[in-house]
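A look at the structure
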Amino acid sequence: MPLWRHLSDTAEVAGLLWDRWMAPSVRRIIADGRPDDVARTVLVWLAGSHDLGKASPAFAAQVRPLTEPMRDAGLPFSPLVEHPPRTPHAQQSHRILRQWLESNGFDRDTADSWAIVPGGHHGVAPGRDDITHAGVAAQAGTGPWRGVQQELTDWVARNSGITAHLDSLRTAALAPTAQVVITAVVIVADWIASDTARFPCFDTRSTAERVRSGWRDVGLLPAWSADAGAVETLFGRRFGREARPAQEEAIRAAQAITGPGLMIIEAPMGEGKTEAALAAGEVLAERFGCGGLIFALPTMATSDAMVDRFTGWLRGAAQSAQPFFLAHSKAPLNPTFAAMRTLSPTTGDGGVDGCGAGVAVALEWLTGRKKGMLANFVIGTIDQVLYAALRGRHVALRHLALAGKVVVIDEVHAADVYMAVFLRDVLRWLGAYGVPVILLSATLPAARRQELLNAYSTGARPATPASPTARASRRRRPRALTSAGPPPPSCDEATASGEGLAGAGPLPYPLITIAGAGSMVQVAPAAAGLARTVRVEFASDDESELVDLVRAASQGGGVVGIIRNTVGRAQRSAAVLRAELGEEVVTLTHSRYLATDRMRRDRDLLAELGAPGQARRMPGPRIVVGTQVLEQSLDIDFDLLVTDLAPADLILQRMGRLHRHRRHAHERGLMTKPRCVVVGANWDADPVEPDRGSVAVYGLAALLRAAVVLRSDGSPGRDIELPADIPRLVDQAYAAEVEVPEAWCATFDDAEQKAQQESAGRTTGAEMFSIGKVPVLDLFGWSHANAGDAEGHDGRAKVRDGEDGLEVLVVQQRGDGWFVLPWLSDCGGAELPRDAAPEPRLARAVAQCSLRLPRQLSVWRIDQVIGELERQGRASWQQSPWVRGELVLPLSEDLTAELAGFRLRYSRRDGLVVEEAE
DNA sequence: AATAAAAAAAAA
Ligand SMILES: [Fe+3]
Ligand SMILES: [Fe+3]
């Protein structure tokens, strides 16, 4: 394709992206204070300049036959430029544009702030030395080449209309935020224009015409235009019921805030955080011109579970079909999302446009991780948001994806120290972009909360709302705002200060904190959930005592929850309790089940032990034994909780399962008072000795801290008020200094030091890959650090650390045939082809049988395990996108297998059990 | 000798 044509295509497409696709909030970032028409011209100009570097002998020499006409036209190819190392043409573009700007009187730094856009159009920002390097100039060619470059650059500038604005560009460098976002839009324009099916090489149509038809064919839809209407009635209109206090306050805060800001909603499960975020997000989107919303959750399962609720809201929140993307690695397995692909906003019977509702559609062009995130509405794992802070190729695209939306992140408390680094840096950038962010969380330790606020406000600058009047709230707040003293000093960040609740002492819970540019406000909505007093006891780690306890407590019926810290402990307890109290009474759950079985278990538990109205409890005693899977996002209700000693916030999280729902007292049998028995430690020892496995999982320090805070005076029991006591206990457990008994000091100090080292190590590890603060001047070297893609295995950068687990797909082997496990509802028991890839329906059934192997297999003997499984693998499976690259574990007819010297046994009741083989 | 849960993948 002639270069001039590709450049003008890309420029025109960029213009269309501005006109017909981009959210006002993105235009505002690109404008960087300049008038809109200038900003659009800038974008078109830089898009048109992106491949200037292709007009160089180094690039042109790549396709030998094509060089002949150029030679004939007098363009020399010296041997030097015909041989590697070749300068990437993006860097050549940068050099050419820089030189052109300098010749127009720009100083070097200012010139670079513009030229770095073409320089980064392949997804990696150049390093400063890359452009200045003598080789770049050498490979630009001589004499006639320079003339061609000059002419082409002039031509692009003239066509775009930037020539008239050069004087104003010369005096103000482009802000780094605009550098990133413009680069991303240029990349999008380039990808669109590089599709030769839509933008053919040979074309008799005018540029305008071919671009118009190419654009239509790509089928992108405009950004969402939020129209929340009267905020007083918004919640009822969207969700068909009355708002709970936290929801009302969130909406009110969104309406009152003077500029884009960060809202942290801390509330227990059941206060309606999700709907609060959607409603508040809609208000924020309208006020600040955001063109979509992304809802990020900690797991793929919770993401999947969000889809229906989200699309239900979206139908009311938009008046036309809206691009939607499900962003996680198993999204293709989600049937709802798969069905959206068959809907087309424009065509025939699948056409959904014109029905006046915000139907979610999956657009053809918005597929794959990098492009999909650009859809107006996204549900995904938190990882997908954190990738915006991970250095790597095309990170600018992830910024563009977030820049045009309201960003909601759920269960923020669950992010560990490693993820926290990326979260901090994402917030810094989102603050700088003026992207409204809503974080949903259980109580955060004060320092954590402050770190999040500081990160956002470091980037934030005073901003103006899109709508002329920020309608101030006239209604009375439920609790007067009190002015706080100066917030705690923090390392190197700017500090968000303002009106906080409670200068000293613990904060209320639920709590909403809103920080804008330089100001901070806190509100304490009334809790909708039940307040209750939990009796906390500490008991020995003895299975027979456990049996007695459970038997006595449950003899009048009711539900006992037992949360263990390791799978082994959970499996053992379940076995003992089954033997003593009866098979059907006991349910076991943990993560070592097939994905499909695990989903089924969660669903069954919810149907039996969930909120009244959605669930039906059976009479008689019920015992649920599980690991940490019982701790998170499963809205079930226990009458008595037995838990292993765990970090204090997690214990409190677990305690939240006690007497959570309103129900008749008689359903709880004898367990009419919420009671929590903490086991998993030798309480008589001094210092307390937690179970070995628990120490391995959480570290000794966190467990000792929890023991101190929960058992303050060493007494055998105490009361905890839920939720009122939670902030105080969490703050205590995570305070810099904790007071421990004299006899503990040596052990405790030791453990603390180890924990700090570990945490520092993980933080340092994350910092290596994280993009850091918003630079003041330019993006040189910005996305570097690790070449290659951000995501992925193999020593590459990641947003989660820790050991890599090993996941396998389980099938059943009979004779030498492979079969889908018999109990699957779809294709159960079907034979899998030996010499061909399984057809999609079969492959999908197999893909649902994924199983994470325990560490004995996935860490200690990983090479042996992979080796043995690969040997049994079937090569033909590589042709199916559903199962390609996956390891397959065939179980015998009785669901057992030998693997790497271990004996594996699977049952739907117990999950995977691994024993040393004799 | 032995320890949770969780995520993860193509550009022009
Ligand atoms: Fe290029
Ligand atoms: Fe290009």
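Keep in mind that what you see is a predicted model, and the values were worked out from it rather than measured. Here the residue index of a chain counts from 1 through its sequence in written order. To read the labels, note that chains go from A and ligands from 1, taken in the order they are written. Given that this is a predicted model, residues contribute local features only at a pLDDT of at least 70 and side-chain atom pairs are listed and counted only at 80 or more, while totals for whole chains, interfaces and linings are drawn from all residues. Side-chain metrics rest on all non-hydrogen atoms present in the structure, leaving aside hydrogens and water.

Elements are defined by DSSP. Helices are runs of H or I of four residues or more, strands are runs of E of two residues or more, and each kind is numbered from the N terminus. Along its length, chain A carries 35 helices and 26 strands. Between the two quantities, the radius of gyration covers C-alpha atoms and the globule rule is 2.2 Å times the number of residues to the power 0.38. Computed over the C-alpha atoms, the radius of gyration of chain A is 30 Å, within 12% of the 29 Å expected from 2.2 N^0.38 for a compact globule of 918 residues. In terms of its C-alpha atoms, chain A occupies a principal-axis envelope of roughly 95 × 75 × 60 Å. Burial analysis of chain A (918 residues in total) assigns 56% to the buried set. For the area figures, the Shrake-Rupley method with a 1.4 Å probe applies, and any residue is considered shielded solely by the protein chains shown. Within the structure as shown, chain A displays about 36900 Å² of accessible surface, and the carbon and sulfur contribution to it stands at 52%. Buried, partly exposed and exposed residues are distinguished by accessible area as a fraction of the type maximum, computed with a 1.4 Å probe on protein chains only: under 20%, between the cut-offs, and over 50%, respectively.

Sheet architecture is open: 7 strands sit in the order β12-β13-β11-β14-β15-β10-β18, paired in mixed fashion. Where the open sheet ends on each side, the last strands, each with one partner, are β12 (586–589) and β18 (717–722). On average, adjacent strands in this sheet sit at an angle of 20 degrees to one another, irrespective of strand direction. Here, a strand pair is defined by DSSP locating no fewer than two bridges between the strands. As paired strands, strand β10 (residues 532–538) and strand β15 (residues 675–679) are joined by 4 bridges and run parallel to one another. Residue pairing for β15: Glu537 is matched across the bridge by Val677. Whether two residues are in contact is decided by their heavy atoms, any of which lying within 4.5 Å being enough. Axes here refer to lines fitted to C-alpha atoms; in helices the fit is confined to the stretch in contact. Angles between the N-to-C directions go from 0 to 180 degrees. The sheet strands contacting helix α28 (residues 648–655) are β10, β11 (558–563), β14 (640–644), β15 and β18, and the helix crosses β14 at an angle near 155 degrees.

In this section: the coordination of the iron ion (ligand 2). Only N, O and S atoms count as donors, using a 2.8 Å limit from the metal and a wider 3.2 Å limit for Na, K and Ca, and since water is excluded some coordination spheres may look unfilled. Protein coordination at the iron ion (ligand 2): the donors are His6 (NE2), His50 (NE2), Asp51 (OD) and Asp190 (OD), at 2.1 to 2.3 Å from the metal. Coordination at the iron ion (ligand 2) is irregular: its 4 donor atoms span angles of 81 to 164 degrees at the metal. Mapped onto the polypeptide sequence, the residues donating to the iron ion (ligand 2) form the spacing pattern H-x43-H-D-x138-D. By the criteria applied here, four donors are tetrahedral when all angles lie between 85 and 135 degrees, four are square planar and six octahedral when opposite donors are over 155 degrees apart and every other angle lies between 65 and 115, and any other arrangement is irregular.

Here we come to helix α35 (residues 862–872). Along α35, the residues classified as buried are Val865, Glu868 and Leu869. Down the axis of α35, the buried set is contained in an arc of 95 degrees. They therefore lie on one face. Turned more than 90 degrees away from the buried face of α35, the exposed residues are Asp863, Glu870 and Arg871. Summarising the geometry, the arc corresponds to the directions from the helix axis toward the C-beta atoms.

A word on the domain arrangement of chain A. As used throughout, domain bounds are those supplied by an automatic or database domain assignment. Here chain A is partitioned into domain 1 (3–218), domain 2 (532–722) and domain 3 (805–916). Centre-to-centre, using C-alpha coordinates, domain 1 lies 50 Å away from domain 3.

A separate point is the coordination of the iron ion (ligand 1). Protein coordination at the iron ion (ligand 1) comes from Asp51 (OD), His89 (NE2), His121 (NE2) and His122 (NE2), with a distance range of 2.1 to 2.3 Å. Coordination geometry of the iron ion (ligand 1): the 4 donor atoms subtend angles of 78 to 150 degrees at the metal centre, consistent with an arrangement described as irregular. Positions of the donor residues of the iron ion (ligand 1) along the chain correspond to the pattern D-x37-H-x31-H-H. Taken as a pair, the iron ion (ligand 1) and the iron ion (ligand 2) lie 3.5 Å from each other and share Asp51 as a ligand. Within this pair, whereas Asp51 is found in the loop between α3 (36–48) and α4 (57–60), its partner His89 is found in helix α7 (residues 89–103), the two being separated by 38 residues in sequence. Judged by relative accessible area, Asp51 falls into the buried class, the value being 1%.

Turning our eyes to something else, we now look at the sheet that holds strand β3 (residues 322–327). Strand order in the open sheet made by the 9 strands is β4-β3-β5-β2-β6-β7-β1-β8-β9, with mixed pairing throughout. Only two strands of the sheet have a single partner each, and these edge strands are β4 (360–361) and β9 (520–523). Where β3 lies against strand β5 (residues 377–381), 4 bridges are found, and the strand directions are parallel. Pairing of Phe325 across the sheet is with Val378, part of β5. On the sheet, helix α23 (residues 417–433) packs against β1 (262–266), β6 (406–409) and β7 (437–441) and is oriented at approximately 150 degrees with respect to β7.

Structurally, Thr381 is set in strand β5. By relative accessible area, which is 7% here, Thr381 ends up buried. Non-local contacts of Thr381, meaning those with residues more than four positions away in its chain, are made with Ala296, Leu297, Thr299, Met300, Ser303, Ala327 and His328.

Our next topic: the nonpolar core. Judged by nonpolar contacts, the single largest core of 173 residues is most densely connected at Leu17, Trp45 and Phe295. When residues of this core are assigned to their parent elements, the largest contribution, 12 residues, is made by helix α13 (residues 176–193). Apart from the residues within four sequence positions on either side, Phe295 is in contact with Thr274, Ala277, Leu278, Met306, Phe310, Val378, Ile379, Gly380, Val408, Asp410 and Leu440. We call a set of buried residues a nonpolar core when its members are Ala, Val, Leu, Ile, Met, Phe, Trp, Tyr or Cys and they connect through side-chain atoms within 4.5 Å of each other.

A word on the pairing of strand β25 (residues 902–907). Along β25, the buried face is formed by Phe902, Leu904 and Tyr906; none of Arg903, Arg905 and Ser907, which line the opposite face, is buried. For strand β24 (residues 896–899) and β25, the ladder comprises 4 bridges, and the chain directions are antiparallel. Bridge assignment links Ala897 to a residue of β25, and that residue is Leu904. The hairpin formed by β24 and β25 contains 2 residues between the paired strands, and Ala900 there has a positive phi angle of roughly 50 degrees. As paired strands, β25 and strand β26 (residues 911–916) are joined by 6 bridges and run antiparallel to one another. Counterpart to Arg903 in the pairing with β26 is Glu915. What sits between the antiparallel neighbours β25 and β26 is a turn of 3 residues.

By convention in these notes, a salt bridge is any Lys or Arg side-chain nitrogen within 4 Å of a carboxyl oxygen on Asp or Glu. Taken as a whole and assessed by the stated rule, the structure comprises 58 salt bridges. As a salt-bridge pair, Asp425 and Arg424 come within 3.0 Å of each other at their nearest N and O atoms. Of the residues examined, Asp425 reaches a relative accessible area of 0% and is grouped as buried. When salt bridges that share partners are traced, they join Asp541, Glu543, Arg564, Arg569, Asp644 and Asp691 into one network.

Let us now look at the environment of Val776. Its place among the elements puts Val776 in the loop between α32 (745–769) and β19 (806–814). For the pair Val776 and Leu75, spaced 701 residues apart in sequence, the C-alpha separation works out to 41 Å.

Attention now goes to the packing of aromatic side chains. The rule is short: rings of Phe, Tyr and Trp, with Trp giving its six-membered ring, pair when the centres are within 6.5 Å, and they are stacked under 30 degrees, edge-to-face over 60, tilted in between. Applying the stated criterion across every chain, the model contains 18 aromatic pairs. Pairing Phe77 with Trp145 gives two aromatic rings, centres 5.4 Å apart and planes at 90 degrees, and the pair type is edge-to-face. Remark: Trp145 occurs in helix α11 (residues 144–160) and Phe77 occurs in the loop between α5 (64–72) and α6 (79–82); sequence separation between them is 68 residues. Each member of the pair, Phe77 as well as Trp145, carries the same accessibility label: buried. Ring geometry for Trp823 and Tyr906: centres 6.2 Å apart, planes at 10 degrees, overall stacked. Of this pair, Trp823 sits in the loop between β20 (817–819) and β21 (831–832) while Tyr906 sits in strand β25; the two residues are 83 residues apart in sequence, bridging distant segments of the chain. The pair formed by Trp823 and Tyr906 is uniform in burial state, with each residue classed as buried. Members of the aromatic cluster, joined through ring pairs, are Trp224, Phe310, Trp313, Phe324, Phe325, Phe337 and Phe377. Two conditions define a charge sitting above a ring: the NZ of Lys or the CZ of Arg must be within 6 Å of the ring centre, and it must be within 35 degrees of the ring normal. Across from the ring centre of Phe538, 6.0 Å away, lies the NZ or CZ of Arg711, which sits over that ring. Here Arg874 stacks its cationic end above the ring of Trp818, 4.1 Å away from the centre of that ring.

This next bit is on helix α15 (residues 231–239). Burial in α15 covers these residues: Val231, Leu234, Phe235, Arg238 and Phe239. Viewed end-on, α15 has its buried residues packed into an arc of 85 degrees, placing them on one side of the element. In this structure, the buried side of α15 is in contact with α16 (245–256), α17 (273–288) and α18 (300–317). Looking at the residues trailing α15, positive phi occurs at Gly240, about 70 degrees.

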